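Coordinate inspection notes
Now for the letters of each chain:
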Amino acid sequence: MMTNVGRPPRALTLARVLMHATIGLAAAVAICVAAPLIGGNIKLAAALANAPWDSAMNPDAMIFWSTRIPRVLLGLIVGGSLALSGLIFQAILRNPLAEPYILGISGGAALGRMIATIIAFGGQVVFFFLAPFACFAGALVPMLILMTLAARSRSVSTVTILLGGVILNVFFSALILLLQYFADLAQVRQMFLWCMGALDIVGYTQIAVVLPIALAAFIVVACHARAMNLLSLDDGTATHLGVNVRRGVNTLLWTGSILTAAMVAVSGPIGFVGLIVPHSLRLIFGSDNRLLGPLSLIYGGVFLVVCDFIGWRGMELMQAAGMPLAQTSEIPVGVITAILGGPFFLYLLITRQK
Amino acid sequence: MAYSLTGMIGSAAQSEPRLALAARDLVFAYDRQNAVDHVSLGLETGELLGLAGPNGAGKSTLLNLLSGFLAPLSGEVMLFGRPLAALTRREIAARIAFVPQKTESAFSFTVTEMVVMGRQPYAGLGAFDTAEDMRVAQEAMEQAEIGNLAGKFFNNLSGGEQQLVLLARALAQRAPILILDEPTSFLDLRHQWQMMNLMKMHTRGGRLVAATFHDLNLAARWCDRIALMHNGALVACGKPAEVLNARRLESVYGIPLRVDALPGGNIRVEFPE
């Protein structure tokens, strides 16, 4: 494969980044147009041809605009953000296996939200504003542990990362189970579904909340992309080439954690996007974060929308293709990414043992 | 020589040597014992200074203090007359280029990508590579004679090749001071020769080059001055023939060593029979 030999030496210019980003955006637009049109009960083509904006006259069009479109848009934002935070953690921890879900950051955020659910159950308005902060508060615990590790020595080994993440995740799961044990049945069902990570129950409000956070994080990454390249080598190299290591690492850690927490707040803990997407992009485009930043944002979104579509319409389409399925239902997107991500993670772990 | 004497070395040329780096009474400790123990040392432009001493003598620590990567417990470093602690990382990086002994990367960067990173001190926020960056990087790779490796992955290279890439990256930094940590440790004879000549050439262009060495004969042959360290302290500093005498070397290294005088004022350090 080409990746074992090398790549032709070329300057990384804005034009090259824009070219690759444009191709990615075209793919994103295509998937966002296609996914909402396929499947489901409504006759969309007819509905959209006839009074597409009039929801009173045309309830089918209303379903399209108020549930299907926000679902793919949120998928784009959440997927892109998760891939971007994976990229951040990989650079500052110098470990291609680092990822918000594996590091326990998503789990911490989920626990925070569970606690908020118990406290604010019944008060939906309170809860809507409380949830992102609760997620962030929960994400702070694993983040502070990471920062302690990072402050001591940032060459955190693969084993430490895995062990720390596994233990944190087990711990958070136990606490979540404990909360569920004491919650009433309606709450338990809601929590259970939410913990699988899903994009289905959304409106434009959530998008309005997470889009600015995602864009702000992307700007931080774009401004620190060169520093991320150097930080991914070692502190001495970064320092000797003019990077303020402590400031850079702190800025990036906070950015990655806030980004993850915001996404968990709207979609639940969705794993492995931050692992699969940046790694695949590296195989094709190399390791320069100036290129990987925008591409992770775009292709992370594309990847999650595709995964969500598989879970959303997969069984329905299989039945339509003649497979003998007794009944069809939607599978939460978090289950799909985990099914893809688990083996991918193992593959990386095995191939990296030299 | 395959490399040209233009560009990289011409810019810093000047007649009068002046104080580039000055260490004043530096102290640094990792645990309780002082790794660098009250060291004062002045380094001038246009000189090649070799830092020698046994393992654990504090050579690398001293280099890292001089380059500003480590902050001294007491004492201070002056860079062209200004305290190092008062300068930003970027200001320092435009003046001091550092070549580590080795670098491990968890990610696959190509040789060109690694060398272009040397342009970091001159790049804006999130900046992309300019034509100037590529030209300087290209020139640096030619000087280090690694033009043929340009598209290869850094991680797949041998230790010696990696060391040359790190040298090229430092050259691309275009800094008036070049500090190298055991620059010849992984190099074969041909590349040791090339590395030493390259360092010497840069001092003639007006740069200060400081490096640690284990091979005293290599250091004695090429360096203008040698600073000998032992247990964190500076034992002696001066012309190689003055610093490297048998009695001093025996007390520092703990084994009897023979020092032969060679014609032309050079010396040769030999193991005992």
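Residues numbered from 1 in each chain as written. Chains lettered and ligands numbered in written order. Predicted model: local features only at pLDDT ≥ 70, side-chain atom pairs only at ≥ 80, totals over all residues. Heavy atoms only, no water.

Quick look at the interface of chain B and chain A
Taken together, the contacts link 40 residues of chain B with 39 residues of chain A. Between chain B and chain A, a total of about 3200 Å² is buried, with carbon and sulfur atoms accounting for 61% of that surface. Considering only the surface of chain B that becomes buried against chain A, F107, Q120 and F128 of chain B emerge as the three largest contributors, covering 22% of it. The tally of links from chain B across to chain A stands at one salt bridge. Of the charged contacts, one joins R290 of chain A and D129 of chain B as a salt bridge, the two residues approaching to 2.9 Å between their closest N and O atoms. (Contact = heavy atoms within 4.5 Å. Buried area = accessible area lost by both parts, 1.4 Å probe. Salt bridge = Lys/Arg side-chain N within 4 Å of Asp/Glu carboxyl O.)

Re the pattern of salt bridges
Summed over all chains, the structure comprises 16 salt bridges over all chains. For the salt bridge of D235 of chain A with R94 of chain A, the shortest nitrogen-to-oxygen distance reads 2.7 Å. One end of the pair, D235 of chain A, is in helix α10 (residues 235–240); the other, R94 of chain A, is in the loop between α4 (59–93) and α5 (105–120), with 141 residues separating them in the sequence. On the basis of relative accessibility, which here comes to 23%, the residue D235 of chain A falls in the partly exposed class. You can call R94 of chain A buried: its relative accessible area is 14%. Between R135 of chain B and E132 of chain B there is a salt bridge, with the nearest N and O atoms lying 3.1 Å from each other. Here R135 of chain B and its partner E132 of chain B are both found in helix α4 (residues 131–143), three residues apart, which amounts to about one turn of the helix. Take E132 of chain B: its relative accessible area is 39%, and that puts it in the partly exposed class. Bridged by salt links that share partners, the residues E132, R135, E139 and R174 of chain B form one connected network. (Helix = DSSP H or I, 4+ residues; strand = E, 2+ residues; numbered from the N terminus. Buried < 20%, exposed > 50% of the residue type's maximum accessible area, 1.4 Å probe, protein only.)

Considering the environment of D129 of chain B
Examined against the element boundaries, D129 of chain B turns out to sit in the loop between α3 (111–116) and α4. Sequence separation between D129 of chain B and M117 of chain B is twelve residues; the distance between their C-alpha atoms is 9.4 Å. D129 of chain B has contacts with A11, L12, T13, R226 and R290 of chain A together with V116 and M134 of chain B, leaving out every residue within four places of it along the chain. A distance of 2.9 Å separates a polar atom in the side chain of D129 of chain B from the backbone nitrogen of L12 of chain A. Polar side-chain contacts of D129 of chain B include one of 2.9 Å to the side chain of R290 of chain A. (Polar contact = N/O pair within 3.5 Å; in protein donor to acceptor, adjacent residues only side chain to side chain.)

Concerning a nonpolar patch on the surface
Residue and element names in this part refer to chain A. Together, V29, V33, L37, I38 and L317 make up an exposed nonpolar region whose accessible area comes to about 400 Å². Here the element with the most residues in the nonpolar patch is helix α2 (residues 14–37); it accounts for three residues. Within the element layout of this structure, L317 appears in helix α13 (residues 289–320). Given a relative accessible area of 37%, L317 falls into the partly exposed group. (Patch = residues over 30% accessible without salt bridge, like charges linked within 9 Å, V, L, I, M, F, W, Y side chains within 5 Å. Areas by Shrake-Rupley, 256 points an atom, 1.4 Å probe, with all protein chains shown as cover.)

What to know about the packing of aromatic side chains
Each aromatic ring pair is characterised by the separation of its centres together with the angle its planes make. All told, the structure shown has seven aromatic pairs over all chains when counted by the stated rule. Arranged with centres 5.6 Å apart and planes meeting at 50°, the rings of Y101 of chain A and F272 of chain A form a pair that is tilted. Remark: F272 of chain A occurs in the loop between α11 (245–267) and α12 (273–285) and Y101 of chain A occurs in the loop between α4 and α5; sequence separation between them is 171 residues. Y101 of chain A sits in the partly exposed class, given a relative accessible area of 31%. Summarising the aromatic geometry, the rings of F136 of chain A and W254 of chain A are spaced 6.2 Å apart at their centres and angled 35° between planes, so their arrangement reads as tilted. Of the two residues, F136 of chain A is situated in helix α6 (residues 124–152) and W254 of chain A in helix α11; the sequence distance between them amounts to 118 residues. Exposure remark for F136 of chain A: the relative accessible area of 21% places this residue in the partly exposed category. One Lys or Arg, R71 of chain A, reaches over the ring of W312 of chain A and ends 4.0 Å from the middle of that ring. Geometry around W222 of chain B places R221 of chain B over its ring, the cationic atom sitting 4.7 Å from the centre. (Phe/Tyr/Trp six-rings, centres within 6.5 Å; stacked < 30°, edge-to-face > 60°. Lys NZ or Arg CZ within 6 Å of the ring centre and 35° of its normal.)

What about the pairing of strand β11 (residues 258–261) of chain B?
All names here are of chain B. Bridge count between β11 and strand β12 (residues 267–270): four bridges; the pairing is antiparallel. When the bridges of β12 are listed, D260 appears paired with R268. Hairpin connection from β11 to β12: five residues lie between these consecutive antiparallel strands, with G264 at a positive phi of about 95°. (Pairing = 2+ DSSP bridges.)

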